[in-house]
Amino acid sequence: MLLPPVPRPADVRLVVTDMDGTLLDPDGRVPDGLWPLLARMHDAGITLVPASGRQHATIAAAFPPERTPGHEELVIIAENGTYVTRGGAAVATDDLAPEAVGAIVRAVRGIDPVRGGAVVAGRRSAYVERADPGFVDHVRTYYTDLTVVDDLLAVDDQVLKVAVYDDVDSATGTYPSLEHLAGTLQVVVSSPHWVDVMNPGVNKGVALRRLQAALGVTPAQTVAFGDYLNDLEMLDAADWSYAMAGAHPDVLARAAHTAPGNADHGVVQVLAAMLDER
C-alpha cells in the first residue's frame, strides 16, 4: 500500500505506539529497522513511547539500553495506561481497590476454565492461579515477571488491573461474562483474546494526555499508532493518528490515517518517511 501523509520531523516531539499488532511483527519482535530510527529521533528531539496492555517489565525488556538512545529517560505506558514510568520511576499509577480485585477474580472463576484464566497485574509482579504449563507459558509472553499462587484473592500487591485471557474469542466469550462489572469498573476488550478490567476513566489516552501536559507537548506534535479497541483514546490524543492496516474496524474509522500492517513493519515505514521529510 502507498504510505499515508506524514508530518515533518521538526513538527513532532512525541511518537506513541502500541506494541502487539502494531509495532511488533507477527512473531512478537521489534523490527530491526526501528533501532537506527531511534537514534535519528533522539537527535531530532523526538521521544518514542511504547504504550501497551503488556506489563512494564515486558515492555522495558524490548527496549534494551544498548539499542535505545536516551534509555535513561525512556517513557513507558504499561498495563493499558494504569502504570506510567519515566526512566524506570513511576510517574502515574491507578490501583484497583482490593474489593474490586476480589469481585473480578470471583467473576472470572465462573467462566469455563478451559477457555483461559485471570492475570492479576500488580506493580511488583503479575499473578495467576491457573498453573498448567501451556497457560503459564502463554501469559509469560506478556508478563515477564509472573508468579503462580494458590489463591489470587490472597495476593499482597498494589494491583493495576486484572487481565483475562480467552483462548477462543474475548469479545463473545469472556466480555459478556464480565460486562456486569462495567457499572463500577471499566471492562475493555483489548485484543481478540484478552479483556482488561481497570478503574473507570483510565486508558492509554488519559495517560498520553497527562504525559503531553507534563512534557509541554500538544496533540499537533504527537504521532500515535494503534490497532485495537484499547488504542482508541490514545489515537484521539494525537493529531497524527495511524491505524494499522487490518486493524479493528472501529480503529480504522477513528484514526486520521492508515499505515501498512505490522507484518510489513508499518510503524517503521511511517517513521522512516517522517524522518526523511523536509
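Before going into details, it helps to say that this report is about the structure given with it. (Residues numbered from 1 in each chain as written. Predicted model: local features only at pLDDT ≥ 70, side-chain atom pairs only at ≥ 80, totals over all residues. Heavy atoms only, no water.)

1. Here's the deal with the sheet that holds strand β9 (residues 159-166)
The condition that has to hold: One bridge is not enough; two strands pair if DSSP finds at least two bridges between them. Helix numbering and strand numbering both begin at the N terminus, where a helix is a DSSP run of H or I of at least 4 residues and a strand a DSSP run of E of at least 2. The axes used here are C-alpha line fits, helices contributing only the stretch in contact, and every angle between their N-to-C directions lies in the interval 0 to 180 degrees.
Taken together, six strands build an open sheet; the order of strands is β8-β7-β6-β9-β11-β10 and the sheet is mixed. Each edge of the sheet is formed by a strand with only one pairing partner; in this case those strands are β8 (146-148) and β10 (186-191). Neighbour-to-neighbour, the strand axes of the sheet open up by a mean angle of 25°, direction not taken into account. In this sheet, strand β11 (residues 194-198) lies alongside β10 in antiparallel orientation, the contact comprising five bridges.

2. Considering the pattern of salt bridges
Note the cut-off: The term salt bridge refers to a side-chain nitrogen of Lys or Arg lying within 4 Å of a carboxyl oxygen of Asp or Glu. For every residue, the accessible area (1.4 Å probe, protein chains only) is compared with the maximum for its type, and the residue is labelled buried under 20%, exposed over 50%, or partly exposed between those bounds.
Across all of its chains, the model carries 17 salt bridges by this definition. Where R123 meets D95, a salt bridge forms, and the shortest distance between an N and an O atom there is 2.5 Å. Here R123 is found in the loop between β6 (116-122) and β7 (126-128), whereas its partner D95 is found in the loop between β5 (89-93) and α4 (98-109), with 28 residues between them in sequence. Since its relative accessible area comes to 26%, D95 is described here as partly exposed. Across the salt bridge formed by K161 and D196, the nearest N and O atoms sit 2.9 Å from each other. Here the residue K161 occupies a position in strand β9, and D196 occupies one in strand β11, the gap between them amounting to 35 residues. Like K161, the residue D196 is buried in the burial classification. Each member of the salt-bridge network shares a partner with another, and the members are D18, K204 and D231.

3. Considerations on the pairing of strand β4 (residues 83-86)
In the sheet, strand β3 (residues 75-78) pairs with β4 via four bridges, with the strands oriented antiparallel. Each residue of the ladder has a partner; that of A78, found in β4, is Y83. What sits between β3 and β4 in their antiparallel hairpin is a turn of four residues, with E79 showing a positive phi close to 50°. Relative to β5, β4 is paired through four bridges, and the arrangement is antiparallel. Considered in β5, the bridge of T85 is made with A90. Between the antiparallel neighbours β4 and β5 lie two residues, among them G87 with a positive phi of about 60°.

4. Describing the packing of helix α2 (residues 34-43) against helix α10 (residues 266-276)
Where we set the bar: Working rule for handedness: look at the near helix, and if it is turned counterclockwise from the far one by less than a right angle, call the crossing left-handed; if clockwise, right-handed. Residue contacts follow a heavy-atom distance rule, with two residues in contact if any of their heavy atoms lie within 4.5 Å. Following the grouping adopted for this structure description, the nonpolar residues are Ala, Val, Leu, Ile, Met, Phe, Trp, Tyr, Cys and Pro, the charged ones are Asp, Glu, Lys and Arg, and the polar ones are all others, Gly among them.
Here α2 crosses α10 at 35°, and the two axes come no closer than 10 Å. Between α2 and α10 lies a crossing of left-handed hand. Touching L34, L37, R40 and M41 of α2 are V268, L271, A272, L275 and D276, all from α10. Of the residues that constitute the contact of α2 with α10, the class distribution is seven nonpolar, no polar and two charged.

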